[in-house]
Amino acid sequence: MNTEALLSDLRRQLHDGGLHGCLLVRDLHTGDELGIEPDTPLPSASLVKVPLALATAERIRRGELDGATTLDVRPGRITTPGPTGLSRFRHPARIAIDDLLYLSTCLSDGTAADTLFGLTPPAQVADILHELGIRGITVRHTIHELSDTPAERLDASEAHLAHALAIDAGTSGRGHRVPQLDTTRANTGSARAWVELLQALWAPSKIHPAVAERVRDLLAHNVLRQRLAPDFSSDATTWSSKTGTLLNLRHEIGVVEHSDGQAYAIAVLTESAVPADSQPGAEALMAQVARTLRDHLRNY
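I will try to describe carefully the structure that is included in this document. (Residues numbered from 1 in each chain as written. Predicted model: local features only at pLDDT ≥ 70, side-chain atom pairs only at ≥ 80, totals over all residues. Heavy atoms only, no water.)

Attention now moves to the pairing of strand 2 (residues 33–36). In terms of strand pairing, strand 1 (residues 19–27) meets strand 2 through four bridges, oriented antiparallel. Bridge assignment links R26 to a residue of strand 2, and that residue is E33. Between the antiparallel neighbours strand 1 and strand 2 lie five residues, among them G31 with a positive phi of about 85°. (Pairing = 2+ DSSP bridges. Helix = DSSP H or I, 4+ residues; strand = E, 2+ residues; numbered from the N terminus.)

Let us now look at the pairing of strand 4 (residues 70–73). On strand 4, burial follows the alternation: L71 and V73 on one face are buried, whereas T70 and D72 on the facing-out side are not. Pairing analysis gives four bridges linking strand 4 to strand 5 (residues 93–96), with the strands arranged antiparallel. Looking at strand 5, one finds that V73 is bridged to A93. (Buried < 20%, exposed > 50% of the residue type's maximum accessible area, 1.4 Å probe, protein only.)

Turning our attention to the sheet that holds strand 3 (residues 42–43). Read from one edge of the open sheet, three strands run 3-7-6, paired in antiparallel fashion. At either end of the open sheet lies a strand with only one pairing partner, and these are strand 3 and strand 6 (137–138). Both strand 6 and strand 7 (residues 188–189) contribute to a ladder of two bridges, which runs antiparallel. When the bridges of strand 7 are listed, I137 appears paired with G189.

Another aspect to go through is the nonpolar core. A general tendency of soluble globular proteins is for nonpolar side chains to be buried together. With 56 residues, the main nonpolar core has L54, L201 and I207 as its most contacted residues. Among all residues touching L201, those that are not within four sequence positions of it are V50, L54, I207, A212, V215, R216 and L219. Core analysis: the second largest hydrophobic core is formed by 25 residues, L14, L19, F232 and M286 among them. (Core = buried A, V, L, I, M, F, W, Y, C linked by side-chain atoms within 4.5 Å. Contact = heavy atoms within 4.5 Å.)

Turning to the packing of helix 2 (residues 49–62) against helix 8 (residues 191–202), a few remarks are in order. Axis separation between helix 2 and helix 8 bottoms out at 12 Å; the angle between their running directions is 35°. Relative to helix 8, helix 2 is oriented so that their crossing is left-handed. Touching V50, P51 and L54 of helix 2 are W194, L197 and L201, all from helix 8. (Axes fitted to C-alpha atoms, helices over the stretch in contact; angles between N-to-C directions. Left-handed = near helix turned anticlockwise from the far one by under 90°.)

Our next topic: helix 11 (residues 280–299). With 20 residues, helix 11 should reach 28 Å at 1.5 Å per residue; the first-to-last C-alpha distance of 28 Å fits that figure. Of all the positions in helix 11, only A282, E283, L285, M286, A287, V289, A290, L293, R294, H296 and L297 are classed as buried. Its buried side turned inward, helix 11 meets helix 1 (3–16), strand 1, strand 2, helix 10 (229–232), strand 9 (249–258) and strand 10 (263–272). (Expected span 1.5 Å × (residues − 1).)

What follows concerns the pattern of salt bridges. Taken as a whole and judged by the stated rule, the model has 18 salt bridges. Here E196 and R26 are joined by a salt bridge, their closest N and O atoms 3.2 Å apart. Within this pair, whereas E196 is found in helix 8, its partner R26 is found in strand 1, the two being separated by 170 residues in sequence. One network of salt bridges, with partners in common, ties together E58, R59, R61, R62, E64 and E131. (Salt bridge = Lys/Arg side-chain N within 4 Å of Asp/Glu carboxyl O.)

Written out as structure tokens, the structure is:
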């Protein structure tokens with residue numbers, strides 16, 4: 001199948017599966033890439049924890065922060081399904097900055113992330129991204145602001161109502177009645193912007209090698225592996241990634257490294273048109289489409 005026919009078929013598969021997808025796969029050695037709407041910005045959800053990790057690690061390198069410094073962290077006391085780590089703690093804890101980095105990035109712990117945002121606010125994270133030559137990713141607010149959505153105000157049995165609002169309350173210009181889904185107010189990034197960030201972490205760039213290594217290590221130890229990992233993990237590959245989930249948004253960005261030396265950066269950003277919280281079929285479809293793009297690019 002030629003490239004145009006393949007892309008048309010994959011768009012049809014996404015549509016039939018109830019997904020609007022923005023994807024990009026790039027060969028990190030040759031720069032060759034293949035994508036579907038790669039320049040469309042979408043709200044980042046928890047993907048913003050990767051720029052946060054980068055900014056925190058950079059400030060540690062500069063000596064502005066000490067990774068061994070311990071902080072008293074108030075418990076999240078969140079009881080709704082989804083949040084992990086400190087977000088579900090019942091009692092205060094004292095945790096080092098380095099360990100907050102692990103919890104925020106590898107467990108997608110929102111309370112840990114907001115503690116780090118308390119040290120490096122969103123505007124400063126954005127400034128550090130700019131200093132390091134990273135463009136196209138906006139960082140405007142914390143995780144608490146991100147998670148204060150209708151889903152947290154409804155009973156679990158009414159989750160579908162929050163998803164219906166997320167699906168139906170948008171505008172053609174990507175405004176939205178839910179502020180976390182409004183691209184003029186939310187943390188945002190396109191598939192291309194996230195791939196550019198991954199390339200800057202895996203290839204020589206303005207990011208200091210020690211900082212890049214630290215962030216790569218965090219992504220390699222991501223414990224949330226239900227989305228793209230099944231299609232990119234094997235004894236002959238390493239899959240390093242970060243997921244992002246918010247209402248009807250399901251994202252994942254990552255790098256697959258093959259034992260033969262090939263490496264591909266992958267960004268998959270999706271919006272679901274199905275008003276349901278649990279959609280394993282959508283996650284499988286995301287992985288299938290991303291794997292097909294990678295296979296085509298690898299064998300082209």
